[in-house]
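Coordinates in review
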Number of protein chains: 2
Amino acid sequence: MKQKSIFFALAATFLSVICFAQTNQTVVENFKPSTVNQPGKQYPMVNSEGRVRVQLSAPEAHKVQLDIGGVKYDLVKNDKGVWTGESAPQDPGFHYYQLNIDGASVPDPGSLYFYGAGRWGSGIEIPAEDQDFYALKDVPHGLVSENLYFSKITGTWRRCFVYTPAGYQKDTETRYPVLYLQHGSFEDETGWSAQGRANLILDNLIAAKKAVPMIIVMDNGYAYKPQDNSETNAGTHPPSAFEEVMINEIIPMIDSRYRTIADREHRAIAGLSMGANQTMRIIMNNLDKFAYYGGFSGTSNYPSSDEIDPATFLNGKFNDGNAINRQIKVFWLGLGTKEPKPFPASVGAFRNMLEKQGIKYHFYQSPGTSHEWLTWRRDLNNFAPLLFK
Amino acid sequence: MKQKSIFFALAATFLSVICFAQTNQTVVENFKPSTVNQPGKQYPMVNSEGRVRVQLSAPEAHKVQLDIGGVKYDLVKNDKGVWTGESAPQDPGFHYYQLNIDGASVPDPGSLYFYGAGRWGSGIEIPAEDQDFYALKDVPHGLVSENLYFSKITGTWRRCFVYTPAGYQKDTETRYPVLYLQHGSFEDETGWSAQGRANLILDNLIAAKKAVPMIIVMDNGYAYKPQDNSETNAGTHPPSAFEEVMINEIIPMIDSRYRTIADREHRAIAGLSMGANQTMRIIMNNLDKFAYYGGFSGTSNYPSSDEIDPATFLNGKFNDGNAINRQIKVFWLGLGTKEPKPFPASVGAFRNMLEKQGIKYHFYQSPGTSHEWLTWRRDLNNFAPLLFK
């Protein structure tokens, strides 16, 4: 629930700006269907200001709202019972949203659906100036494959998606390094290849020879032992059994099913938000397994902004800065410039600790984006080129 | 639109039965969450009679309905603004459904979403007595991979899903036969692996040594040349350019990306409803490419029930029965016993023609199912074991 309240806090801070925009600007009438609409659907639409316009037939309803960025916008009904209305300008990139019909929160029947905020629901894409790096282009494309596996640790069937780069299928001799890439809280294993566009980002980077061909494994960060009550653990940071599942089940499964180079020098791990928190714990506890780390909008001291004592933090894993500099070839952190509390201060406290310990790291700031997917697409686009070189 | 009106006609024929059930039976209170609910969601639920119970918070609404099988069931609001209600018993298997809130048709926020009836929307699974054949079981699992490719014929990026059997990744020498498997009208390339469970059906068949390991290609049957107006063509039987895309683009792409055995003896083609219609045309026009055919709930004379003249039907392709018996190793048709008009009579007219021409064929009837996915799952389960032997 922490993550959710952060989203709402963020929304509240923007509210005054939004109200200003609504009263002082006219809406620019150049709306086009969203690029992530269902086939043949005209609505939702987006205009050049980044406003989202939705439309819904609900003849008997007395109130219909568009709920996006934590703000609810009233729609207006015409004489045919069709409701229409638009939001204030949204940040570029991908956003979750929903409709509210007489008090019921439901997906927009016009959009494609994505898993985030703890449910399958509507998503919309606001064109970004730099959208080319995650566009579907005329370059060789890798595959995203769905893998089912049984976890003895959790006692459940689990699923991961695996990106293999273009050429993997054809050239059956080559072996590849692997990036393990994790989603955030209230998201799942579908996020990075759907709204994250990880496959397209890597297709484009590899085609431009900016990144080396690599496998990417996108699993589900929620993993609980059978004796745990998953109801009470849901959403905790981190879920109780994920590290064990990653080390003892996912990595061996991937090394067995795919042509990997199965050593630490050819294994990276990264994640966003909760995933950044989880993967930092995993690499620090398993430096024999990974040599590269990416933390997108998160660190393991989350949500604290207090000064970190390396003698005690993560059981002293950051005590010996020189050893970490030798072992971790790339230590990478990213953050959007518009991210809400507590992310800037929490990541800031972590960076202070790194600097105090003399640990070398990269820090990337995504301009004008918040705790959302454009930040994380940019993170991946900047992080992946540094790997396995 | 033909397909849609058939669904409604079917629903209407059952209406009297349903009303009888509602007034003469009490609802059995053993509801359990549907197996295709979103994570953590309790509703929708299904009971042992096959009734679907839904629940939605909509405090301000004055009418909420469950819309399933073409019938709308009124829900009842409690003092907290939560609406609950259930349908009459449904056939076993998978059904699309939606909610109606004060006149707005929307997905149920509790279910997973599937593409069918021309939109992404809610689906529900009524347990079938024979559900074991499509269950996720402790057997070796194949992969389903998402392939992107650019079609020069349509001028668009297209997508197909490809099932590769367990062992395909590991044993990089073996080559495999291929089944091209098509969805029905108002469905897409996601249907066969999501609600169709084609991957699980084949995993189970192959593990039991009932079917030989094979690749399955699931593409999108809607394909139009740029000069065609796709708006006016949408839903026509068959879409204008699919045959050309299949022969000139999909098959070469699959033979290039996957380790196939690229000859007619190792290539099968099948489809359901519109896909049965399309694939029958494709095999009859391309007997040098395929040696196996499966038509699930459809034939190329659809929607006619008139006697077929083999001299003119499909340009006389069925004229020489002996030649067809030599060329097509398995000619297979399937139909549910509860399918609505015009399917039984249309398929019946086609069978009469086959018999008149002395063409050998298999005919399977799925007991107690209609023009829905349990019929097609059973079709695949009975058809696949006959292939490539």
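Below or above, wherever it landed, is the structure these notes cover. If you're wondering where the values come from, they're calculated on a predicted model, not measured in any experiment.

Once that is clear, we can look at unusual backbone geometry. Among all residues save glycine, negative phi is the norm, and among peptide bonds the norm is trans. A cis amide bond, omega 5°, links A:Tyr43 with the succeeding residue A:Pro44. Residue B:Pro303 is bonded to the preceding B:Tyr302 through a cis peptide linkage, with omega at 0°. Looking at where B:Pro303 falls in the secondary structure, it is placed in the loop between β17 (292-296) and α6 (321-327). If you check the backbone angles, B:Lys209 has positive phi at about 60° while not being a glycine. The residue B:Lys209 is located in the loop between α2 (198-207) and β15 (215-218) in this model. Here the phi dihedral of B:Phe388 falls at roughly 60°; this positive angle occurs in a residue that is not glycine. For B:Phe388, the location among the structural elements is in the segment after α8 (373-383).

Right, let's get into the sheet that holds strand β7 (residues 82-86) of chain A. All names here are of chain A. An order of β1-β2-β3-β7-β6 is seen for the five strands of this open sheet, with the pairing classed as antiparallel. Each edge of the open sheet carries a strand with a single partner, namely β1 (32-33) and β6 (76-77). Strand direction decides the pairing type here: β6 and β7, joined by two bridges, are antiparallel. Along β7, the bridge assignment pairs valine 76 with threonine 84.

This paragraph deals with the packing of helix α4 (residues 242-257) of chain B against helix α5 (residues 274-285) of chain B. Relative orientation and spacing of two packed helices are given, respectively, by the angle between their axes and the distance between those axes. Residue and element names in this part refer to chain B. Running from amino to carboxyl end, α4 crosses α5 at an angle of 50°, the nearest separation of the two axes being 10 Å. On the basis of their axis angle, the class for α4 and α5 is oblique. Classified by chirality, the crossing of α5 by α4 is right-handed. Taking contact as the criterion, the partners of Phe242, Glu243, Met246 and Ile247 in α4 are, on α5, Gln278, Arg281, Ile282 and Asn285. Residues that form the contact of α4 with α5 fall into these classes: four nonpolar, two polar and two charged.

Listed by partner, the interface residues are 45 residues for chain A and 45 residues for chain B. Counting the surface chain A buries against chain B, the share from its top three residues, A:Trp120, A:Trp157 and A:Gln169, is 15%. Inspection of the chain A/chain B interface yields zero salt bridges. For the interface between chain A and chain B, the tally reads 12 residue pairs in polar contact (both at pLDDT 80 or more).

Parameters and conventions
- Residues numbered from 1 in each chain as written.
- Chains lettered and ligands numbered in written order.
- Predicted model: local features only at pLDDT ≥ 70, side-chain atom pairs only at ≥ 80, totals over all residues.
- Heavy atoms only, no water.
- Helix = DSSP H or I, 4+ residues; strand = E, 2+ residues; numbered from the N terminus.
- Pairing = 2+ DSSP bridges.
- Axes fitted to C-alpha atoms, helices over the stretch in contact; angles between N-to-C directions.
- Parallel < 35°, antiparallel > 145°, perpendicular 65-115°, else oblique.
- Left-handed = near helix turned anticlockwise from the far one by under 90°.
- Contact = heavy atoms within 4.5 Å.
- Nonpolar A, V, L, I, M, F, W, Y, C, P; charged D, E, K, R; others polar.
- Buried area = accessible area lost by both parts, 1.4 Å probe.
- Salt bridge = Lys/Arg side-chain N within 4 Å of Asp/Glu carboxyl O.
- Polar contact = N/O pair within 3.5 Å; in protein donor to acceptor, adjacent residues only side chain to side chain.

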